[in-house]
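Single-letter residue listing:
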Amino acid sequence: MVEKEKQSVDPATQEMIEKAAQDGIRVAFERAATMKACPIGAEGSCCSLCAMGPCRVMAPKGKEETLDERRNRVGVCGATPETISARNFARKVAAGTASHGDHGRFMARFFLAVAKGELPGYEIKDEQKLLLLALELGVKIADRDKGEIAAEVAKLLIQEFGKQEGELLFLKRAPEKRQRLWRELGVSPRGIDLEVAEALHRTHMGTDQDYQDLLDLSVRVALADGWGGSMIATEIQDIVFGSPVPVAGKINLGVLKEEEVNIIVHGHEPQLAEMLAVVAQSPEMIQYAKTKGARGINLAGMCCTANEMLMRRGLPVAGNFLQQELAVVTGALEAMVVDVQCIMQGLVDTARCYHTRIVTTDPRAKIQGATHMPFDEHRALESAQAIVRLAVDNYVNRGKNIRIPRHTTPLIAGFTYESINYMLGGSFRGSFRPLNDNIINGRIRGVAGVVGCNNPRTPHDASNLAMVKELIRNDVLVLQTGCMAMASAKAGLMVPEAAQFAGEGLASVCEAVGMPPVLHMGACIDNSRILIAAAAMVNEGGLGDDLSKLPVAGAAPEWMSEKALAIGQYFVGSGIFTVFGVTWPTIGSQEVTEYLFRSFEDKFGGKWAFEPDPVEAARLMIGHIDKKRKALDLDRGKGRLLVDMGMRRGLDAA
Ligand code: NFS
C-alpha cells in the first residue's frame, strides 16, 4: 500500500483513502498502485488498429540502434513509429473532440426543443445573451418573440455539426490574423462531426501515412472542439440556464450532511442536474424525506456537472475526479446520479459495499450493475422526482459505518468573459481595458489557463497547487476550469484573501478589484471561455494582433483524458504555449514529439511541452510569458518595480 500522503495532498481525500482501506475497498488510487501503466502504450508505440498486430515499435532502451534496426522497427504493414505515434495521437484528439461535440450536439437539440416550448420546466434564462448571439449569427431580431429567434439560432448551431463545407461560425471570434493563418494552413474546421469522421478515416490502417500531415489534421479536429463543440455547449447552457456571475460556494467531501439525504450529480451535461436542484428544494420532497427520518435533502455536485451547478446556482461541490469513489466510501451517500464522461466503472463495485445507488440516466452511458433511470427531457420534472425519491427511499438503508470528512473550503466561482468584463470595467461599460493595462504596466505579468483532470499516476491535486502557487507568486493571473479549478478551490486559492499568495503586482490588482488571483471559469467545455477572453485581450489592443502574441500560457498538470488532449491541441492550434504533466503520449517517437514541441511553433505560433515537475512547468510558462512580453516591448518601463527582478533575470538566463 502506498502512503496516503503520496496519493493526495487533500486531507479529506487522505481520510477517505484510509477509510476505504479499513473497509477493504479498492479505489482508483489503489488500482493505480497495483497495476503499472503499460510502457509501450504509454509512449504511443503500440499500433492496435488492425488484426495483423498489435505491433510494438518501441526504440531499444539504453543502446544505439543501427540503421538497419531502425529501418526494420515498423509494423507488419510497414507503418513507421512516427506514423503509429501520430495516428494514436490524432485518434485521441478526435475522441476528445467527439465527446465535447456530442455534448454540444445534445445541447443544441435541447435548445431547439426549449425554443419551441416542447420541454416544460425549461425556459430561456439569459435573453440578452440570446439576442447578442442572434445578432452575431445574422438572425433577425426585429419584433420576433424570443422562442422564434432562439429556434433559428438553435438550427444554425445544429447545422455546425453536420456541415460539409465552409468554416465553423465561431471561428470568426478569433482575431482576423489567426483566421487567415488557419485558412492558409488548411486547418479551419468545416463541420464538427465531419472533422472527427475524417480523422478516424485518415488514421485507419493504410490511409494517411505522413506523420506531419496527421498532426496538422489533429489541429483541425481540435479547433472543431474549442471553437466548435465546446463553445456551442457553453453558449447554449448560458442562454438556457443563465450566464454565471460571481457566486460564493463551498467545496470538498465535508459538504455531505450526516442527517440529510445526500445526492451527488456527477458527469457533464447540466439539464438533469438543473431539474434535480429544483426537485430537491421542493417542500413536498423535503417533507417526504422527513417521513424517512432525514432532516432534508442535500444535493451536491462532482466533476464538471458540479462546476456547471456551482457557477450558476452556487451548489456545493463534493469533489473532483479522483474523489468520486471516495464520496461513496463516506457511507453517507444515498445516490450518485451520473450522465456521461469521467464516470468510473469502479463506482458500482464500491457502492456494493455500502448502500449507495449508482443511477445512470443517459441512454449513451449505461454501467452494468447500476440502476438505469433514463432521463426524459419531455418529462423532466417527473424524471427528476423519481430519481430523488429513489434516493430518499434509500436513506433508511444507511449502515453504521459512516464517516464524512470535516473539510470544506469557501470559494468564489462564476468568472466568464462577460463577468470579468463587468468586474473590471464597471457594470455600465464593461471592458477588458483594465486587464490589458495591468498587463502592459506589468502589475500582471501574464495570464495562464491551468485546466484538466486528476490522474492517480501523480499525487492528487499536488501538481496543480504547486504550479498555480508558483504562477500567482510571479504575478501571473490564473484562469481555471474543470477538476483543476476544484483542486485550487479546496486549497483556498479561490477567495479574494488568497491575494496574499500572489506577487505584489497581481495582489494589488486583486485587492483593487476584490477578486481572487485564481479565477474559476467553469467546466471543461468552458475552456472555450478562456479562448474568448484571450480573443478579447487581442481585440482590446496593446498586446499584439494575434493570440500567439499574448503573454499567456496553458497547462494541464494532472491530465488523463482524451478530452484534455483535444483541449491542449486547440490551445496550441490557437497559438498558445501549452504544458502537460504526468506523461506524454508520443514520447516513443522523437520525430513526432519534436514536431509538436518545436515545429508547431513555426506553423501555428503555439507549441506543446511536457514537464512532469509542476514548478519547472510553471517556470516554462513564465519564461514563455516573458518572451512574449519582450516581443511586445513590455519588458521595460512602467510598473516594473512591482515585479521580482531576480526571478526574471534567472529566467532570462535559462
Ligand atoms: Ni475535464 Fe478531465 Fe472530467 Fe471534467 Fe474532470 S476529469 S478533461 S475536468 S470531470 S472533463
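Residues numbered from 1 in each chain as written. Predicted model: local features only at pLDDT ≥ 70, side-chain atom pairs only at ≥ 80, totals over all residues. Heavy atoms only, no water.

**Overview of the domain arrangement of the chain**
Our working rule: Note: domain ranges come from an automatic or database domain assignment. Any two residues having at least one pair of non-hydrogen atoms within 4.5 Å are treated as being in contact. Accessible-area loss on putting two parts together, using a 1.4 Å probe and summing over both, is the definition of buried area adopted here. We count a salt bridge whenever a side-chain nitrogen from Lys or Arg sits within 4 Å of a carboxyl oxygen from Asp or Glu. Distance and chemistry together define a polar contact, namely a pair of N or O atoms within 3.5 Å, with one atom able to donate a hydrogen and the other to accept it when in protein, and with adjacent residues in sequence counting only for side-chain atoms on both sides. Elements are defined by DSSP. Helices are runs of H or I of four residues or more, strands are runs of E of two residues or more, and each kind is numbered from the N terminus. Side-chain classes are defined by residue name, with Ala, Val, Leu, Ile, Met, Phe, Trp, Tyr, Cys and Pro counting as nonpolar, Asp, Glu, Lys and Arg as charged, and the others, Gly among them, as polar.
What the domain assignment lists for the chain is domain 1 (6-58), domain 2 (81-241), domain 3 (253-397) and domain 4 (426-632). Taken over C-alpha atoms, the centre of domain 1 sits 27 Å from the centre of domain 4. Facing the 16 residues of domain 1 at the interface are 14 residues of domain 4. Summing both sides of the interface, domain 1 and domain 4 together bury roughly 970 Å²; the carbon and sulfur share of this comes to 57%. Among the residues of domain 1 in contact with domain 4, Val9, Ala32 and Glu43 are the three that bury the most area, contributing 40% of the side total. For the interface between domain 1 and domain 4, the tally reads one salt bridge. Between Lys490 and Asp10 there is a salt bridge, and its shortest N-O distance comes to 3.9 Å. At the boundary of domain 1 and domain 4, one finds seven residue pairs in polar contact (both at pLDDT 80 or more). Counting only elements with at least two residues in the side of domain 1 that touches domain 4, the list comes to α1 (4-7) and α3 (28-34). Among the elements that line the side of domain 1 that touches domain 4, the one with the most residues is α3, at three residues. Looking at the side of domain 1 that touches domain 4 residue by residue, the classes come out as seven nonpolar, five polar and four charged.

**Some thoughts on the coordination of the nickel atom of the ligand**
Threshold: Here the coordinating atoms are restricted to nitrogen, oxygen and sulfur within 2.8 Å of the metal centre, or 3.2 Å for Na, K and Ca, and because water is not among them the sites may look incomplete.
Inspection of the coordination sphere of the nickel atom of the ligand shows a single protein donor, Cys524 (SG), at 2.3 Å. As for its placement among the helices and strands, Cys524 is situated in the loop between β13 (518-520) and α23 (527-540).

**Considering helix α6 (residues 81-115)**
Three- or four-residue spacings in an α-helix give side chains the same orientation, since the helix completes a turn every 3.6 residues. What counts here: Here the expected span of a helix is defined as 1.5 Å times the quantity of residues minus one. Throughout this description, buried means an accessible area under 20% of the type-specific maximum (1.4 Å probe, protein chains only), exposed means over 50%, and partly exposed covers the range between.
For α6, spanning 35 residues, the distance from its first C-alpha to its last is 50 Å, which sits close to the expected 51 Å at 1.5 Å a residue. Most of α6 is tucked away: 26 of the 35 residues are buried. One or two steps after α6, the chain reaches Gly117, where phi turns positive at roughly 75°.

**As for the packing of aromatic side chains**
Put simply, the rule is: The rule is short: rings of Phe, Tyr and Trp, with Trp giving its six-membered ring, pair when the centres are within 6.5 Å, and they are stacked under 30 degrees, edge-to-face over 60, tilted in between.
Taken as a whole, this structure holds 16 aromatic pairs when the rule is applied. Residues Phe89 and Trp608 carry aromatic rings whose centres are separated by 6.2 Å and whose planes lie at 85° to one another, so their mutual orientation is edge-to-face. Placement of the pair is Phe89 in helix α6 and Trp608 in strand β16 (residues 608-610), with a sequence separation of 519 residues. You can call Phe89 buried: its relative accessible area is 1%. For the pair Tyr211 and Tyr595, a centre-to-centre distance of 6.0 Å together with 80° between the ring planes defines the contact as edge-to-face. Taken together, the residues span a long stretch of sequence, with Tyr211 in helix α11 (residues 211-241) and Tyr595 in helix α25 (residues 590-604) at a distance of 384 residues. An identical accessibility class is assigned to Tyr211 and Tyr595; each is buried. Put simply, the rings of Phe89, Trp559, Phe580, Trp584, Phe597 and Trp608 touch in pairs and so form one group of aromatic residues.

**A short note on the pattern of salt bridges**
In the structure shown here, the tally under the stated rule is 56 salt bridges. Arg71 serves as the salt-bridge partner of Asp68, at 3.6 Å between the closest nitrogen and oxygen. Of this pair, Asp68 and Arg71 both sit in helix α5 (residues 67-72), three residues apart, which is roughly one turn of the helix. Between Glu152 and Arg144 there is a salt bridge, and its shortest N-O distance comes to 2.7 Å. Ionic contacts of the salt-bridge type, sharing partners, join the residues Lys129, Glu136, Arg173, Glu235, Asp238, Glu308, Arg312, Glu418, Asp526 and Arg529 into one network.

**Section: the nonpolar core**
Selection criterion: Each nonpolar core is a collection of buried residues, namely Ala, Val, Leu, Ile, Met, Phe, Trp, Tyr and Cys, held together in the definition by side-chain atoms within 4.5 Å.
Counting residues in hydrophobic clusters, the biggest one holds 179 residues, and the most contacted among them are Phe111, Val153, Leu471, Trp608 and Met621. Broken down by element, this core gets its largest block of residues, 17 residues, from α11. For Met621, the residues in contact, after removing those within four places along its chain, are Ala448, Val450, Met467, Leu471, Ala553, Gly554, Ala555, Phe577 and Val579. With 37 residues, the next largest nonpolar core counts Met302, Ala318, Leu326 and Val329 among its residues.

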